Amino acid sequence: MTPKRHIGLVALVVRDYDEAIAWYCGKLGFVLKEDTTLGEGKRWVVLSTGGSEAATSLLLARAQGADQFAAVGNQSGGRVFLFLATDDFARDHAAFVAKGVHFEEPPRAETYGKVAVFRDLYGNRWDLIEPAVPTD
């Protein structure tokens, strides 16, 4: 029998918990699932897209030390880091633009779907993507 697994959390290094919560929830419509104080200024902060419980969530990890602060906004060395899938690209693109999300490019059609790259408050690059519907 094949084990049932999925990636539950992806750690995202942030400068400040509260500014990150405000941006991801306010601009992208993420939902704050958990915010637990761990002591010594640490918190367990989990954000989700509000979709399926099996969907991957973000764990906000506040940077500590020079190396981690250097990674804020550049966790993938300048490549697209995260892919935010949507069932309605036009709806979400328009909503994000209206809320001040900066897109690096106009939307484009690719074989894999509709896509445009945007940056989060720290400069991490994301794809907003509506996957193409397979044509069997």
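One can find the structure itself at the top, above this paragraph.
Structure report, in brief. (Residues numbered from 1 in each chain as written. Predicted model: local features only at pLDDT ≥ 70, side-chain atom pairs only at ≥ 80, totals over all residues. Heavy atoms only, no water.)

**Considering the overall build of the protein chain**
Okay, so step 1: Broken down by element type, the protein chain carries 3 helices and 9 strands.
Okay, so step 2: The order of α-helices and β-strands along the protein chain, N terminus first, is β-α-β-β-β-α-β-α-β-β-β-β.
Okay, so step 3: Here the C-alpha atoms of the protein chain give a radius of gyration of 16 Å, agreeing with the 14 Å that 2.2 N^0.38 yields for 136 residues.
Okay, so step 4: Principal axes of the C-alpha set define a box for the protein chain whose edges measure 55 × 45 × 25 Å.
Okay, so step 5: Considering the protein chain as a whole, with its 136 residues, one finds that 33% of them fall into the buried category.
Okay, so step 6: A separation threshold of at least 6 residues defines the contact pool for the protein chain, and within that pool the share at least 24 residues apart is 52%.
Okay, so step 7: As displayed, the protein chain offers around 8200 Å² of accessible surface, 54% of which is attributable to carbon and sulfur atoms. (Helix = DSSP H or I, 4+ residues; strand = E, 2+ residues; numbered from the N terminus. Rg over C-alpha atoms; globule rule 2.2 N^0.38 Å. Buried < 20%, exposed > 50% of the residue type's maximum accessible area, 1.4 Å probe, protein only. Contact = heavy atoms within 4.5 Å. Areas by Shrake-Rupley, 256 points an atom, 1.4 Å probe, with all protein chains shown as cover.)

**Digging into the nonpolar core**
Okay, so step 1: Counting residues in hydrophobic clusters, the biggest one holds 27 residues, and the most contacted among them are Tyr-24, Leu-28, Phe-30, Leu-47, Leu-60, Phe-118 and Trp-126.
Okay, so step 2: Of all the elements in the fold, those that place two or more residues in this core are strand 1 (9-14), helix 1 (17-28), strand 3 (42-48), strand 4 (57-62), strand 5 (80-85), helix 3 (89-98), strand 8 (113-119) and strand 9 (125-131).
Okay, so step 3: When residues of this core are assigned to their parent elements, the largest contribution, 6 residues, is made by helix 1.
Okay, so step 4: Not counting residues up to four positions away in its chain, the partners in contact with Trp-126 are Tyr-24, Phe-30, Leu-58, Val-80, Leu-82, Leu-84, Ala-116, Val-117, Phe-118 and Asp-120. (Core = buried A, V, L, I, M, F, W, Y, C linked by side-chain atoms within 4.5 Å.)

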